[in-house]
Every structure is written in C-alpha cells, then in structure tokens.
Amino acid sequence: MTRTAVYSPDDGGLDDRVPFLARLESEDRSALLALGHELNFTARMVLIHQHEPSSHVLFLVYGWTKVTAAAANGYEALLALRGPGDVVGESAALTGRPRSATVTALEPVRAVAVEHERFRDFLARSPSASFALLGLTADRTRAADRRRLEFASMSVRERFAVLLLDLARTHGRRTEEGIELAVPLSKQELAGSVGASREMVQRLLRELRDKGAVVTGRRAMLIRRPDVLRRIAAAGPASGIPSPQRPHEE
C-alpha cells in the first residue's frame, strides 16, 4: 500500500494524509519512539477497543489498520485508514476519555506504545511536535469539511463511486485483471463511509458488477473498469477525489 502526495494541490499546505511521524524532525521522531515499547499484531487483531479506558498512544511503524465506530443500534462506520507513521489513541491520551473508536489490523502491524504521561510530557517539551499534532488535526478537520460539502450535493451512487476511486488510488494494487483493493472492508463499513445502508451498497455493487466495473468476493474487490466509476463520480460536484478518511483521533 502506498501513500499519496504529501502536499495539497489547492493550497500548497500539507495533505491530511501525511502521517504524524512524517511531520516531525528526525530528532523528535527518534526521541518520541524511544519513549515506548514495540508491539506486534497479526491481521484482524484489535489494537484499540471502542469505549475502553485509555492508557497509551500507538505509533504505527509498519502495516495498515482500519478505524471503525459502532452506534448503539449496531450501525458501524469506517472512519479512517491508518498506516505507517500514523498515530492512534492520541485524543484519549489528551482528554482522558475512553476510546472513541476501534482500531483493527488489516495486515501484520508493528507499533510503538507510549504511555499517556510520557506522550504529554514529550509534547510539553517539544513545541514543534505539539504544533505538528495540532496541524494534523486541523488538516483532517478541513478535509472532512470539504468532503461533507462535496458529498452533500451528491447522490449515494455518486458518493460510492468516489469512495471506490479513492480507495483504488490510495490502497490499490494494479494487476493484469484490474486494480485490486488492498484493504479488506465489509459492505457495512463501505456503507458507513458514504452514509448509506448495507442493502443500498449491495444494490450498488450489483449494478457495478452488471456493468463489468467491479468483481467482488468476501471482503475483496477488483476494479476492472475505473472509467465507469469516473463517469458516475463526474455527475457530482467533486472535481478531485476526496479522501475516505474523516478527522478522527481515537
């Protein structure tokens, strides 16, 4: 899996996908990681559980995770994808509140766990790191506001096409058959990303399969005709493809 460009084309600033560790000077990055201990997770293991008390922050060194949240009625939404260099658990560390989401490994993951007090002390000693964290939060909030504005005037069909195109661009592997999405996401998680029901996503996937645009399996998808998705997405107001990620700090 690969990251996209680190600069936003519209304002020359950092993109919301630039992970926290990449925003730090090498000295700060090394000092921060030295405060913790390494943890390893296998695919589908939960790194952080929603609603549980929080004691540490996790810095992802290798591998990708998904951030999901479940409502009281069981509706589950995909909030973000987090990968190498990203931080998870920082909001709970700063506020003292329980975890607001679940973080699950999509593949083998290596992370460094830093206790809350050590993380807060580090931020107090390093203004540049504090501003980097603040900048990351602001970038994610701005990206989410832009996405909400774009999505507000789109149909679910258009939003779903935009989401699949962005996943293909940021987490796709090109094969002879097409672009294979390298993130195993459920229909419910896809539905939660575009504000739709699972049944609606099933209907949209059936439509795309009939058009020969996608091939689907259990938590697997191959995009064979991205041109079909682009035509659907072009019906909406978005000229660029927004991120599936929302501003979220677990």
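As the structure is a computational prediction, the values presented were derived from the model and not from experiment. (Residues numbered from 1 in each chain as written. Predicted model: local features only at pLDDT ≥ 70, side-chain atom pairs only at ≥ 80, totals over all residues. Heavy atoms only, no water.)

Draft legend 1. Region of interest: the environment of L60. Topologically, L60 is positioned in strand β3 (residues 56–62). Look at L60 and you get buried, because its relative accessible area is 0%. With 27 residues separating them in the primary sequence, L60 and V87 have C-alpha atoms 6.3 Å apart. Those residues within four positions of L60 in sequence are excluded, and the remaining contacts are L21, L47, T65, R82, G83, P84, G85, D86, V109, R110 and A111. (Helix = DSSP H or I, 4+ residues; strand = E, 2+ residues; numbered from the N terminus. Buried < 20%, exposed > 50% of the residue type's maximum accessible area, 1.4 Å probe, protein only. Contact = heavy atoms within 4.5 Å.)

Draft legend 2. View of the side chain of S126. Secondary-structure assignment places S126 in the loop between α3 (116–125) and α4 (127–152). Among the polar contacts made by the side chain of S126, one reaches the side chain of D28 at a distance of 3.2 Å. (Polar contact = N/O pair within 3.5 Å; in protein donor to acceptor, adjacent residues only side chain to side chain.)

Draft legend 3. A look at the layout of surface pockets. Each pocket or cavity is described by its volume, and for the second largest pocket that value is around 260 Å³. In this structure, the second largest pocket is lined by 16 residues; those nearest its centre are L185, S186, K187, G217 and R219. Of all the secondary-structure elements, those providing two or more residues to the lining of the second largest pocket are α6 (187–194), α7 (198–210), β11 (214–217) and β12 (220–223). A class-by-class count of the residues in the lining of the second largest pocket yields eight nonpolar, four polar and four charged. (1 Å grid on protein atoms, 1.4 Å probe; cavity = no way out; pocket = protein on both sides within 12 Å on 5 of 7 lines; lining within 4 Å. Points joined across faces, edges and corners; volume = space filled by probe spheres on them. Nonpolar A, V, L, I, M, F, W, Y, C, P; charged D, E, K, R; others polar.)

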